[in-house]
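Residues per chain are reported as follows:
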Amino acid sequence: MLTRRLTLALLAAAPALPGAALAQAPAKPNAADPAALLTRLYKAAAKDNAGSAFVNNAKERAKYLSTSFAALWSKAEAKVPDGEIGPIDFDPVSNSQDPDIKSFVIKTESQDDARATLAVALIGSQRRKVAADSVIRYNLVRDGTSWRIDDIRGSAEGQPWSVRQMLETSLQN
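What counts, and at which threshold
- Residues numbered from 1 in each chain as written.
- Predicted model: local features only at pLDDT ≥ 70, side-chain atom pairs only at ≥ 80, totals over all residues.
- Heavy atoms only, no water.
- Salt bridge = Lys/Arg side-chain N within 4 Å of Asp/Glu carboxyl O.
- Helix = DSSP H or I, 4+ residues; strand = E, 2+ residues; numbered from the N terminus.
- 1 Å grid on protein atoms, 1.4 Å probe; cavity = no way out; pocket = protein on both sides within 12 Å on 5 of 7 lines; lining within 4 Å.
- Points joined across faces, edges and corners; volume = space filled by probe spheres on them.
- Nonpolar A, V, L, I, M, F, W, Y, C, P; charged D, E, K, R; others polar.
- Core = buried A, V, L, I, M, F, W, Y, C linked by side-chain atoms within 4.5 Å.
- Buried < 20%, exposed > 50% of the residue type's maximum accessible area, 1.4 Å probe, protein only.
- Contact = heavy atoms within 4.5 Å.
- Pairing = 2+ DSSP bridges.
- Axes fitted to C-alpha atoms, helices over the stretch in contact; angles between N-to-C directions.
- pLDDT = per-residue confidence, 0-100.
- Expected span 1.5 Å × (residues − 1).
- Arc of directions from axis to C-beta.
- Parallel < 35°, antiparallel > 145°, perpendicular 65-115°, else oblique.
- Left-handed = near helix turned anticlockwise from the far one by under 90°.

1. Structural notes on the pattern of salt bridges
Should the charged atoms of two oppositely charged side chains come close, the side chains can pair.
No. 1: Considering all chains together, one arrives at four salt bridges under this definition.
No. 2: For the salt bridge of aspartate 150 with arginine 164, the shortest nitrogen-to-oxygen distance reads 2.8 Å. In this pair, aspartate 150 is assigned in strand β4 (residues 146-156) and arginine 164 in helix α6 (residues 163-172), connecting sequence segments 14 residues apart.

So this is what it looks like as structure tokens:
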């Protein structure tokens, strides 16, 4: 009898076993996940401390930025006289003049099918005076099957900044 009960219990539980096994399997990185874009960007930044290298040329911008954000950035840079510094005079990825990224943590703050906001907490070799300055927020938009950055936001000495807003302001002057 005990064997029959054990067999019946195992048969009853069998349909649930594949689901349980799948639930415990580690998730593979998903290119359609907005965090995958930022993970790729920050892994490179932590490796060589050159976070915003992707914004320095149009080809690289197309890989990371939304069409409108890349166009705005190019338009703002085109307005800068030769030899002058552009409207973005710091590395927005590290929120600094001298990138120092040892590690990072990415957290999704909001996400739907078309938009996402992710926060990246940076850990460097030195602690920042204002803790909020260690968090960079990204507004992302879906472009077909890929996610693209539509704005980068943070704070400097506790004062908020937005790359999109800086670019737009530079075009008004």
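The rest of the description comes next.
2. Quick word on the layout of surface pockets
No. 1: The volume enclosed by the largest pocket comes to roughly 610 Å³.
No. 2: In this structure, the largest pocket is lined by 22 residues; those nearest its centre are Asn95, Ser96, Arg128, Lys129 and Asp133.
No. 3: Grouping the amino acids of the lining of the largest pocket by side-chain chemistry returns eight nonpolar, six polar and eight charged.

3. Re the nonpolar core
No. 1: Counting 31 residues, the largest nonpolar core has Tyr42, Tyr138, Ile149 and Ile152 as the members making the most contacts within it.
No. 2: Elements supplying a minimum of two residues to this core: α3 (34-48), α5 (67-78), β2 (115-123), β3 (135-143), β4 and α6.
No. 3: Among the elements that line this core, the one with the most residues is α3, at six residues.
No. 4: Ignoring any residue separated from it by four or fewer positions in sequence, one finds tyrosine 42 in contact with Val93, Ile101, Phe104, Val120, Leu122, Ile136 and Tyr138.

4. Comments concerning the sheet that holds β4
No. 1: If you trace the five strands from one edge of the open sheet to the other, you get β1-β2-β3-β4-β5, paired in antiparallel fashion. At either end of the open sheet lies a strand with only one pairing partner, and these are β1 (103-111) and β5 (159-162). In this sheet, adjacent strand axes meet at a mean angle of 25° when their direction is disregarded.
No. 2: One ladder, built from four bridges, connects β4 with β5; its direction is antiparallel. Paired with glycine 154 across the strands is tryptophan 161, a residue of β5.

5. Side note on the confidence of the model for the chain
No. 1: Taken residue by residue, the chain gives an average pLDDT of 79. The fraction at 70 or more is 77%.
No. 2: The least confident element of the chain is helix α2 (residues 16-24), whose mean pLDDT is 38; the most confident is β5, at 96.
No. 3: Under a pLDDT of 50 for its full length, residues 1-29 has, in the predicted model, zero contacts with residues more than four places off or in other chains.

6. Observations concerning α5
No. 1: Here α5 spans 16 Å end to end across 12 residues, near enough to the 16 Å set by a 1.5 Å rise per residue.
No. 2: Within α5, burial applies to Phe69, Ala70, Leu72, Trp73 and Ala76. Considered in projection along α5, the buried side chains sweep an arc of 160° and stay on one side of the axis. Seen from the open side of α5, the exposed residues pointing more than 90 degrees away from its buried face are Thr67, Lys75 and Ala78.
No. 3: On its buried face, α5 is in contact with α4 (58-64), β4 and α6.

7. Points about the packing of α5 against α6
No. 1: The interhelical angle for the contact between α5 and α6, taken along N-to-C directions, is 40°, at an axis separation of 9 Å. Judged by the inter-axis angle, α5 sits oblique to α6. Both α5 and α6 take part in a crossing whose hand is left-handed. Seen from α5, the contacting residues are Ser68, Phe69, Leu72, Trp73, Lys75 and Ala76; seen from α6, they are Val163, Arg164, Leu167, Glu168, Ser170 and Leu171.
No. 2: Looking at the contact of α5 with α6, its residues break down into seven nonpolar, two polar and three charged.

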